[in-house]
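Next come the chains, spelled out residue by residue.
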Amino acid sequence: MNRYTGRTVIVAGAGGGIGRAACLRLAAEGAFVVCMDISETRDETAELAAGEGKPAGGGACPVHLDIADSQGVKETMAAAIRDHGPIDALVNCIGGGQPLASMEIDEAAFDAMFEFNVKSVYRSCWALLPHMSERKSGKIVNFSSVAGRSASVLQGAHYSSSKAAVIGLTRHLAREFGPSGVNVNAIAPGVIASPRILAQMTPEQEARAIAATPLGRIGTPEDIAGVVAFLASEDARHITGVTVDVNGGFFLS
Ligand SMILES: NC(=O)c1ccc[n+]([C@@H]2O[C@H](COP(=O)([O-])OP(=O)(O)OC[C@H]3O[C@@H](n4cnc5c(N)ncnc54)[C@H](O)[C@@H]3O)[C@@H](O)[C@H]2O)c1
């Protein structure tokens, strides 16, 4: 039996590089994956994940989600619970950065970054935590970044600080909802070759990132997907409040 047989997972940001890899991995392990994204790339993800999942009894479906629409998030999550529930895990992949020097970041840009990276986690967690605590079971995986642990090599200070906030939010929810049977953890990826990052990174930045990584390469979305599949599973049942660094040893250099 696969560890996700009979389990349903919501992936928010399913159409992106890391989100797509997570959906495919979870489905391949037998999960039914609700692939949420604002972009129509979610449709292709769901199709690919359904194909990956078939041999293991997994499946997938696409769902439109705009994480910026507070009321819409509540309604979309409630519909997912009604149509596909109970929900065993939530993976929050929505987020991203902006390569600005600190003095170029005005208040509107700073607020927008927190809206995108922190309020997105707030909205989906707040929509699903009542359901998970009522069931006394649930796993949440949030996305921080090496930038939230240290300082970003590609993005601005507003990105680094928003990703540090995700670590704090994760720890707090873990303490508060542990007694309700909900595990809340985060992943802090290093530089990962998602299409967004590949489009942004110059060859010089890529060479510098590789030189600063003891394992000698930048990461792949699949490197992250394996850790998502662990943290969102029962194998991680006694882990909560942690942020797992997946960066090839970036800190060690
Ligand atoms: N790729 C990296 O190097 C890296 C490093 C550290 C942390 N991270 C974090 O990992 C996560 C995933 O990164 P990625 O590189 O796969 O990003 P990505 O841009 O490929 O994926 C993000 C997804 O979020 C979706 N999205 C954007 N706005 C949305 C909205 N309003 N509503 C719903 N969906 C929306 C996008 O359509 C996209 O599919 C992010 O939180 C990112 O900050 C990535």
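Higher on the page you've got the structure.
Residues numbered from 1 in each chain as written. Predicted model: local features only at pLDDT ≥ 70, side-chain atom pairs only at ≥ 80, totals over all residues. Heavy atoms only, no water.

Enquirer: Mind showing me how you'd approach the site of the ligand here?
Expert: Close to the ligand lie 28 residues, the nearest being Gly16, Ile18, Asp37, Ile192 and Ser194. Side-chain polar atom of Asp37 to an oxygen atom of the ligand: 2.6 Å apart, as the coordinates give it. In this structure, an oxygen atom belonging to the ligand sits 2.9 Å away from a side-chain N or O atom of Arg196. Bound to the protein, the ligand loses 89% of the 840 Å² it would expose on its own. Put simply, the ligand lies in the largest pocket. Contributing elements (two or more residues each) for the shell around the ligand: helix H1 (17-28), helix H6 (157-177) and helix H7 (195-200). Partitioned by chemical class, the residues of the shell around the ligand number 13 nonpolar, eleven polar and four charged. (Near = heavy atom within 4 Å. Polar contact = N/O pair within 3.5 Å; in protein donor to acceptor, adjacent residues only side chain to side chain. Areas by Shrake-Rupley, 256 points an atom, 1.4 Å probe, with all protein chains shown as cover. 1 Å grid on protein atoms, 1.4 Å probe; cavity = no way out; pocket = protein on both sides within 12 Å on 5 of 7 lines; lining within 4 Å. Sits in = over half its atoms within 2 Å of the grid points. Helix = DSSP H or I, 4+ residues; strand = E, 2+ residues; numbered from the N terminus. Nonpolar A, V, L, I, M, F, W, Y, C, P; charged D, E, K, R; others polar.)

Enquirer: Mind showing me how you'd approach the pattern of salt bridges here?
Expert: Charged atoms that come close allow side chains of opposite charge to pair. All chains considered together, the criterion is met by 13 salt bridges. Between Glu29 and Arg25 there is a salt bridge, with the nearest N and O atoms lying 2.8 Å from each other. Classification of Glu29 as buried rests on a relative accessible area of 12%. Arg25 sits in the partly exposed class, given a relative accessible area of 33%. The salt bridge partner of Glu234 is Lys139, with a shortest N-O separation of 2.8 Å. Taken together, the positions of Glu234 in the loop between helix H9 (221-231) and strand E7 (243-246) and Lys139 in strand E5 (residues 138-143) put the pair 95 residues apart, joining distant regions of the chain. A residue is classified by how much of its surface remains accessible, and Lys139, at 3% relative accessible area, is buried. (Salt bridge = Lys/Arg side-chain N within 4 Å of Asp/Glu carboxyl O. Buried < 20%, exposed > 50% of the residue type's maximum accessible area, 1.4 Å probe, protein only.)

Enquirer: Please explain the packing of aromatic side chains as it appears in this structure.
Expert: Aromatic ring pairs are reported here in terms of the distance separating the ring centres and the angle at which the planes meet. Applying the stated rule across the entire model yields two aromatic pairs. Ring geometry for Tyr122 against Trp126: centres 4.5 Å apart, planes inclined by 45 degrees, an arrangement best described as tilted. Note that Tyr122 and Trp126 are positioned in helix H4 (residues 107-135) at a spacing of four residues, about one turn of the helix. The class of Trp126 is partly exposed, set by a relative accessible area of 42%. (Phe/Tyr/Trp six-rings, centres within 6.5 Å; stacked < 30°, edge-to-face > 60°.)

Enquirer: Would you explain the pairing of strand E4 (residues 89-92) in this entry?
Expert: Here is the key point about a regular strand: its side chains alternate between the two faces of the sheet. Alternating residues of E4 divide into Ala89 and Val91 and Leu90 and Asn92, and every residue in both groups is buried. Note: strand E1 (residues 8-12) against E4, four bridges, orientation parallel. Residue pairing in the sheet places Val11 in a bridge with Val91 of E4. For the crossover that starts at E4, traverses H4 and ends in the parallel E5, the hand is right-handed. (Pairing = 2+ DSSP bridges. Right-handed = clockwise from strand over helix to strand, strands pointing away.)

Enquirer: Teacher, can you tell me more about helix H3 (residues 70-84) here?
Expert: At 3.6 residues per turn, the α-helix brings residues three or four places apart onto the same side. Taking 1.5 Å as the rise per residue, H3 with 15 residues should run 21 Å; its terminal C-alpha atoms sit 21 Å apart, in good agreement. The inward-facing, buried residues of H3 abut E1, strand E2 (32-37), strand E3 (59-64) and H4. (Expected span 1.5 Å × (residues − 1). Contact = heavy atoms within 4.5 Å.)

Enquirer: Sorry, what's going on with the environment of Met36 here?
Expert: Mapped onto the fold, Met36 is located in strand E2. Look at Met36 and you get buried, because its relative accessible area is 0%. As for Met36 and Gly57, which are separated by 21 residues in sequence, their C-alpha atoms are 20 Å apart. The residues touching Met36, leaving out its near neighbours within four places in the chain, are Ile10, Val11, Ala12, Gly13, Ala14, Val63, Leu65, Thr76, Met77 and Ala80.

Enquirer: Please clarify how the state of the cysteines should be interpreted in this entry.
Expert: Two cysteines whose sulfur atoms are joined by a covalent bond form what is called a disulfide. Taken as a whole and judged by the stated rule, the model has zero disulfides. Its sulfur unpaired, Cys23 is 3.8 Å from the next cysteine sulfur, which belongs to Cys35. On the basis of relative accessible area, Cys23 is assigned to the buried category, the value being 0%. Counting only cysteine sulfurs, Cys23 is the nearest neighbor of Cys93, a cysteine outside any disulfide, at a range of 7.4 Å. (Disulfide = S-S within 2.5 Å.)

Enquirer: What's the story with the packing of H3 against H4 in this structure? I'm lost.
Expert: Relative placement of two packed helices is described by the angle separating their axes and the distance separating the axes. Remark: H3 packs on H4, axes separated minimally by 9 Å, with the N-to-C direction vectors making an angle of 35 degrees. The hand of the H3/H4 crossing is right-handed. On the side of H3, the interface is formed by Ser70, Val73, Lys74, Met77 and Ile81, while H4 contributes Arg123, Ser124, Ala127, Leu128 and His131. Considering only residue class, the contact of H3 with H4 consists of five nonpolar, three polar and two charged. (Axes fitted to C-alpha atoms, helices over the stretch in contact; angles between N-to-C directions. Left-handed = near helix turned anticlockwise from the far one by under 90°.)

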